[in-house]
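Spelled out from the first residue to the last, the chains are:
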Amino acid sequence: MTLTFEERLTRLADTDLNIERIRSIEKAFGSDNKKTLAIPGRALVGEGVLIKECRKKPKPRYFFLFNDILVYATIVINKKKYIAQHIIPLKDVQIKSINDSENPKLKNGWLIMSPKKTFNVYATTSKEKFEWMTHISNCIEKISNNERKGYDQIKNLDIAPKWIPDKEADTCMLCKSVKFTMVNRRHHCRYCGHVICGDCSKNKFLIQSQSDEPLRVCNKCFETLSSDQRIKIDNNFTSTDSSDESDAENEQFNHNSNDTKFYSTGNNF
């Protein structure tokens, strides 16, 4: 009898091997493990290295696909040490294929969209891309209607913007006059994703879909957001988002399609 994808995941979640895999992931995160990953009914569907488009440049990140969440992290020692853990609930996720012509240097990519994070990732081969996108889509589809009830709302309203990479902006994208230097640093508006200067991004605004704390926004977006909510919050804001950049990461890491494994087939559990 042929099992459905959901039936295979249910069986996989109950195996000792699945629990062992998840425990080893938690061990590799160490103190960086933000939440318990090993919970009843959770299955590790697949894992592997993808190139993620970060604010400074594309970098390798290790991704773990579970049946209900997507986790990615910075690689320190592959399979042994990860830091900067990010967890995205699949009930909030949308994915969209990227045409290879959009980026001549990176191919086999797709866009991962959610209220908290939106970014491009790239696989080594078209086959690997297909496998990742298929498994992510299957996991999303199996989530119950009750868990997925906010899906239609986030389609057009709450998706976090994709950040413009630093290298694509030599000058402020708002005022068009300030050139970025060691002194005039780049900042990103959390509402539109544009690269702006400090003077054009002195305000913060509470974007509830992304954070419980007010986030940096450009002056233009602040005016738009404030038109509905006339609350100005602390304009003395100087930090930048460095959650996906780390001095400890392995910049020399090389990956290939053999790094990717999927466990949702009968041969893997």
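Residues numbered from 1 in each chain as written. Predicted model: local features only at pLDDT ≥ 70, side-chain atom pairs only at ≥ 80, totals over all residues. Heavy atoms only, no water.

Engineer: Whenever I open this one, the overall build of the chain confuses me. Can you help?
Structural biologist: The secondary structure content of the chain amounts to five helices and twelve strands. Expressed as a percentage of the 269 residues in the chain, the buried residues total 48%. In the chain, of all internal contacts separated by at least 6 residues, the share reaching a separation of at least 24 is 56%. Surface exposure of the chain reaches about 14,600 Å², of which carbon and sulfur atoms provide 48%. (Helix = DSSP H or I, 4+ residues; strand = E, 2+ residues; numbered from the N terminus. Buried < 20%, exposed > 50% of the residue type's maximum accessible area, 1.4 Å probe, protein only. Contact = heavy atoms within 4.5 Å. Areas by Shrake-Rupley, 256 points an atom, 1.4 Å probe, with all protein chains shown as cover.)

Engineer: What should I look at first to understand the pairing of strand S7 (residues 118-122) in this one?
Structural biologist: Within a regular strand, side chains alternate between the sheet's two faces. Within S7, five of the five residues are buried, leaving the element largely enclosed by the surrounding structure. Of the two faces of S7, the one carrying Thr 118, Asn 120 and Tyr 122 and the one carrying Phe 119 and Val 121 are both buried. In this structure, strand S1 (residues 44-53) lies alongside S7, joined through two bridges in antiparallel fashion. Its bridge partner lying in S7, Lys 52 is registered against Val 121. With five bridges connecting them, strand S6 (residues 109-113) and S7 associate as antiparallel partners. If you follow Ile 112 over to S7, its bridge partner there is Phe 119. (Pairing = 2+ DSSP bridges.)

Engineer: Sorry if this is basic, but what is going on with the pattern of salt bridges here?
Structural biologist: The tally for this structure, following the rule as stated, stands at eight salt bridges. When the shortest N-O distance is used, the salt bridge between Glu 131 and Lys 127 registers 2.8 Å. Of this pair, Glu 131 and Lys 127 both sit in helix H3 (residues 126-142), four residues apart, which is roughly one turn of the helix. A relative accessible area of 55% means that Lys 127 is categorised as exposed. In this structure, the salt-bridge partner of Asp 199 is Lys 202, at a minimum N-O distance of 3.6 Å. Asp 199 gets classed as exposed once you look at its relative accessible area, which sits at 53%. (Salt bridge = Lys/Arg side-chain N within 4 Å of Asp/Glu carboxyl O.)

Engineer: Is there a simple way to explain the packing of aromatic side chains in this structure?
Structural biologist: For any pair of aromatic rings, the description consists of the separation of the ring centres together with the inter-plane angle of the planes. For the coordinates displayed, the defined rule picks out ten aromatic pairs. Taking 5.1 Å as the distance between ring centres and 40 degrees as the angle between the ring planes, the aromatic pair formed by Tyr 62 and Tyr 82 counts as tilted. Linking Tyr 62 in strand S2 (residues 58-66) with Tyr 82 in strand S4 (residues 81-89), this pair joins segments that are 20 residues apart in sequence. When sorted by exposure, Tyr 62 lands in the same class as Tyr 82, which is buried. Relative to Phe 119, the ring of Phe 63 has its centre 6.4 Å away and its plane inclined at 45 degrees; by these criteria the two rings are tilted. Here the residue Phe 63 occupies a position in strand S2, and Phe 119 occupies one in strand S7, the gap between them amounting to 56 residues. An aromatic cluster is present here, built from Phe 29, Tyr 62, Phe 64 and Tyr 82 joined pairwise through their rings. (Phe/Tyr/Trp six-rings, centres within 6.5 Å; stacked < 30°, edge-to-face > 60°.)

Engineer: Explanation requested: the pairing of S1 in the structure shown.
Structural biologist: Burial analysis of S1 places ten of its ten residues in the buried class, the great majority of the element. Relative to S2, S1 runs antiparallel, the two being bridged by nine bridges. Looking at the pairing, Lys 52 lines up with Lys 59 of S2. Counting the residues between successive antiparallel strands, the hairpin from S1 to S2 contains four residues.

Engineer: How do you make sense of the state of the cysteines when you look at a structure like this?
Structural biologist: Covalent bonding between the sulfur atoms of two cysteines is what defines a disulfide. Inspection of the entire model under this criterion finds zero disulfides. Counting only cysteine sulfurs, Cys 197 is the nearest neighbor of Cys 200, a cysteine outside any disulfide, at a range of 3.6 Å. Residue class for Cys 200 comes out buried when judged on its relative accessible area of 9%. (Disulfide = S-S within 2.5 Å.)

Engineer: How should the packing of helix H1 (residues 5-13) against H3 be read in this particular structure?
Structural biologist: Two quantities define a packed helix pair, namely the angle between the helix axes and the distance between the axes. At their nearest, the axes of H1 and H3 sit 10 Å apart, and the two run at 90 degrees to each other. The pairing of H1 with H3 is recorded here as roughly perpendicular in orientation. Side by side, H1 and H3 meet where Phe 5, Glu 6 and Leu 9 of the first sit next to His 135, Asn 138, Cys 139 and Lys 142 of the second. Along the lines of polarity and charge, the residues of the contact of H1 with H3 split into three nonpolar, two polar and two charged. (Axes fitted to C-alpha atoms, helices over the stretch in contact; angles between N-to-C directions. Parallel < 35°, antiparallel > 145°, perpendicular 65-115°, else oblique. Nonpolar A, V, L, I, M, F, W, Y, C, P; charged D, E, K, R; others polar.)

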